[in-house]
Amino acid sequence: MKTVTVHASKQYEVRIEDGLLQKAGQQILTVSKACSAVLVSDETVFSLYGATVQKSLQDAGFTVHTFTIKPGEASKSTATLVKLWEFLAACNITRSDLLIALGGGVVGDLTGFAAATFLRGIDFVQIPTTLLAMVDSSVGGKTAVDLQHGKNLAGAFHQPSLVLCDPTALQTLPEEIFSDGMAEVIKYGFINRPELISMLENQYDITDIITLCVEDKRDIVEQDERDNGCRQFLNLGHTLAHGIELQSDYTVSHGSAVAIGMVLITKAAIKNNLCTAETLDVLLQLLNQYNLPTETQFTCEQLFEATLEDKKRKGDFITLVIPTVTGKSELKKFAINDLPAFLIKAWDNT
Ligand code: GLY
């Protein structure tokens, strides 16, 4: 088993191994004395793995309650959160009990926020079943729901007690959802991991890829848990991506939006003489390899409008992650008024 220990406000392990879904109960017993566990999942994931995880938890002695949501971003809402809170209250969940998120980013973020807020905070465990959740959202303690004004606008930092990644769960992922996660993997490569780019261009072991990404995320979260400094590197491509998601009413998935966002910010960097065209070529080649989109129908004005509501904005300033060479990026602070002139060049195809 690969184990990555995260030393944040809470210390916890990310354990990565084939077959962990069947062993979830025993694994969780090593970090929790809870009597009751509430297993939160979406209908698709629950139909695939719910019974296995539930049995494993019961075999380990937990009383298990299950709560399922509809798959998709629309479930990451205040309405679902209230239903989950009420369910937890109806099950008489106490501060010494446990929530378990079995699923992708939507399930993880929603469950984490419920855990952060129910009874002013109870423990939770992440069992990510998508690549995106394994390499990014399950680690680092960002939890949230979406508001009508934008994604993740209501949330809390609340670290999990344990993260269990079973790469065999990726075998049942639809190709486009696997690709979605690959956008986040590629992101780590362009932030500061050129060897990851080489691995993706050649043959690789997915467990090694997940471990590398989790180690990178661990290093960042340990330095800047609350997202005031270097954690912002994880936002490469994300400011424009959130705009694309919002403008498309979430019909464009997060990974696809991140892929397009990375292309746009790299184009803008090139046109503003901060990066060379070679970096864009490598990025486009990798995104094409994983069938990720590289263009958007939205205009710079439409996406800029969405960035004004972005939670990454601080007053009249916003920090963007700018690729400078292949496998390296820098943080650059912009006055909001200067941003359109910088970004518009990404739409200039001359
Ligand atoms: N997904 C970005 C972060 O965890 O900061």
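In this report, we go over the structure that sits alongside the text. (Residues numbered from 1 in each chain as written. Predicted model: local features only at pLDDT ≥ 70, side-chain atom pairs only at ≥ 80, totals over all residues. Heavy atoms only, no water.)

Brief notes about the site of the ligand
Thought 1: Around the ligand, a shell composed of Asp136, Lys142, Lys217, Arg231 and Leu234 is seen.
Thought 2: Lys217 places a polar side-chain atom, nitrogen or oxygen, 2.5 Å from an oxygen atom of the ligand.
Thought 3: For the ligand, the protein covers 89% of the area, taking 200 Å² as the surface of the free molecule.
Thought 4: Here the residues of the shell around the ligand sort into 1 nonpolar, no polar and 4 charged. (Near = heavy atom within 4 Å. Polar contact = N/O pair within 3.5 Å; in protein donor to acceptor, adjacent residues only side chain to side chain. Areas by Shrake-Rupley, 256 points an atom, 1.4 Å probe, with all protein chains shown as cover. Nonpolar A, V, L, I, M, F, W, Y, C, P; charged D, E, K, R; others polar.)

Topic: the packing of helix 9 (residues 238-247) against helix 12 (residues 300-307)
Thought 1: In contact at an axis separation of 8 Å, helix 9 and helix 12 are set at 105 degrees when each is read in the N-to-C sense. Our classification of the angle between helix 9 and helix 12 gives roughly perpendicular. Of helix 12, the residues touching helix 9 (which contributes Thr239, Leu240, Gly243, Ile244, Leu246 and Gln247) are Gln302, Leu303, Ala306 and Thr307.
Thought 2: Here the contact of helix 9 with helix 12 is composed, by residue class, of 5 nonpolar, 5 polar and no charged. (Axes fitted to C-alpha atoms, helices over the stretch in contact; angles between N-to-C directions. Helix = DSSP H or I, 4+ residues; strand = E, 2+ residues; numbered from the N terminus. Parallel < 35°, antiparallel > 145°, perpendicular 65-115°, else oblique. Contact = heavy atoms within 4.5 Å.)

Some words on the sheet that holds strand 12 (residues 328-335)
Thought 1: Taken in spatial order, the 3 strands line up as 10-11-12 in an open sheet, and their pairing is antiparallel. Unpaired on one side and paired on the other, strand 10 (313-314) and strand 12 mark the two borders of the sheet.
Thought 2: Sheet topology places strand 11 (residues 317-325) next to strand 12; 8 bridges connect them, and they run antiparallel. Residue pairing for strand 12: Ile318 is matched across the bridge by Phe334. (Pairing = 2+ DSSP bridges.)

A look at the packing of aromatic side chains
Thought 1: Evaluated as defined, the whole model comprises 2 aromatic pairs.
Thought 2: Ring centres of Phe67 and Phe87 lie 5.2 Å apart, and the angle between their planes is 50 degrees; on these two criteria the pair is classed as tilted. Separated by 20 residues along the polypeptide, Phe67 in strand 4 (residues 63-69) and Phe87 in helix 3 (residues 78-90) bring together distant segments of the chain.
Thought 3: Judged by relative accessible area, Phe87 falls into the partly exposed class, the value being 24%.
Thought 4: Sitting over the face of the ring of Tyr188, Lys187 holds its NZ or CZ atom 5.2 Å from the ring centroid.
Thought 5: The cationic tip of Lys333 hangs over the ring face of Phe317; the distance from NZ or CZ to the ring centre is 4.8 Å. (Phe/Tyr/Trp six-rings, centres within 6.5 Å; stacked < 30°, edge-to-face > 60°. Buried < 20%, exposed > 50% of the residue type's maximum accessible area, 1.4 Å probe, protein only. Lys NZ or Arg CZ within 6 Å of the ring centre and 35° of its normal.)

Things to note about the packing of helix 6 (residues 175-192) against helix 7 (residues 194-201)
Thought 1: Contact pair helix 6 / helix 7: the axes reach a minimum separation of 6 Å and the direction vectors enclose 140 degrees. With respect to helix 7, the element helix 6 is oriented oblique. Where helix 6 abuts helix 7, its residues Met182, Val185, Ile186, Tyr188, Gly189, Phe190 and Asn192 lie against Pro194, Leu196, Ile197 and Leu200.

With respect to the pattern of salt bridges
Thought 1: For the coordinates displayed, the defined rule picks out 18 salt bridges.
Thought 2: Between Lys70 and Glu43 there is a salt bridge whose closest N-O contact spans 3.1 Å. Remark: Glu43 occurs in helix 2 (residues 43-59) and Lys70 occurs in the loop between strand 4 and helix 3; sequence separation between them is 27 residues.
Thought 3: The class of Lys70 is exposed, set by a relative accessible area of 55%.
Thought 4: Across the pair Lys76 and Asp146 runs a salt bridge, and its minimum N-O distance is 3.9 Å. Of the two residues, Lys76 is situated in the loop between strand 4 and helix 3 and Asp146 in strand 7 (residues 142-147); the sequence distance between them amounts to 70 residues. Comparing Lys76 with Asp146 shows no difference in burial state: the two are buried. (Salt bridge = Lys/Arg side-chain N within 4 Å of Asp/Glu carboxyl O.)

A closer look at the side chain of His238
Thought 1: Along the chain, His238 turns up in helix 9.
Thought 2: A distance of 3.4 Å separates the side chain of His238 from the side chain of His254, its partner in a polar contact.

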